[in-house]
Amino acid sequence: MNFSSAHISDVQHIKIISASSTYGIGFFTAIAVWFCNIFGLECKMYGKKIEKAKSSAALQLIEKATRAGASGIMDVQFQITGTTVFMYGIAYSEK
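The rules behind each value
- Residues numbered from 1 in each chain as written.
- Predicted model: local features only at pLDDT ≥ 70, side-chain atom pairs only at ≥ 80, totals over all residues.
- Heavy atoms only, no water.
- Patch = residues over 30% accessible without salt bridge, like charges linked within 9 Å, V, L, I, M, F, W, Y side chains within 5 Å.
- Areas by Shrake-Rupley, 256 points an atom, 1.4 Å probe, with all protein chains shown as cover.
- Salt bridge = Lys/Arg side-chain N within 4 Å of Asp/Glu carboxyl O.
- Helix = DSSP H or I, 4+ residues; strand = E, 2+ residues; numbered from the N terminus.
- Buried < 20%, exposed > 50% of the residue type's maximum accessible area, 1.4 Å probe, protein only.
- Expected span 1.5 Å × (residues − 1).
- Arc of directions from axis to C-beta.
- Contact = heavy atoms within 4.5 Å.

> How should I be thinking about a nonpolar patch on the surface in this particular structure?
There is a patch of nonpolar side chains on the surface, built from Trp34, Phe35, Ile38, Phe39 and Leu41 and spanning about 570 Å² of accessible area. In this fold, Phe35 is placed in helix α1 (residues 26-39). By relative accessible area, which is 42% here, Phe35 ends up partly exposed.

> Can you help me understand α1 in this one?
Since the α-helix advances by 3.6 residues per turn, residues separated by three or four positions end up pointing in the same direction. When the terminal C-alpha atoms of α1 are compared, their 20 Å separation across 14 residues agrees well with the 20 Å that a helix rising 1.5 Å per residue should span. Listing the buried residues of α1 in full gives Thr29, Ala32, Val33 and Cys36. For α1, the angular spread of the buried residues around the axis is 105 degrees, confining them to a single face. The exposed residues of α1 that point more than 90 degrees off its buried face are Phe27 and Trp34. Against α2 (44-67) lie the buried residues of α1. Remark: Gly40 follows α1 within two positions and exhibits a positive phi of approximately 65 degrees.

> Sorry, what's going on with the pattern of salt bridges here?
Two side chains carrying opposite charge are able to pair once their charged atoms lie near each other. Under the definition given, this model contains 1 salt bridge. For Lys54, the salt bridge is made with Glu51, and the minimal N-O distance between the two is 3.3 Å. Here Lys54 and its partner Glu51 are both found in helix α2, 3 residues apart, which amounts to about one turn of the helix. Of the residues examined, Lys54 reaches a relative accessible area of 23% and is grouped as partly exposed. Exposure remark for Glu51: the relative accessible area of 43% places this residue in the partly exposed category.

Here you go:
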């Protein structure tokens with residue numbers, strides 16, 4: 001499965017697909033975020049939650065494209081709000 005943030009020519013567009021994933025931060029991460037916010041530090045625990053959400057959304061996107069018979073996904077974009085990741089792109093097949 002090809003996964004591209006760029007537009008690919010000479011392919012047949014199948015459909016636009018989207019996925020989202022949200023992770024709760026949990027008690028210990030909430031404490032870490034509070035501490036990091038007060039002292040202006042990077043919160044690696046919070047960052048790991050966002051990375052998990054990104055990976056989950058990407059896997060969902062790939063599964064949807066596979067079910068649609070696509071050989072790849074192009075024009076992939078995502079938006080992060082808190083620990084929610086929205087990801088979308090165009091499923092395509094090669095001509």
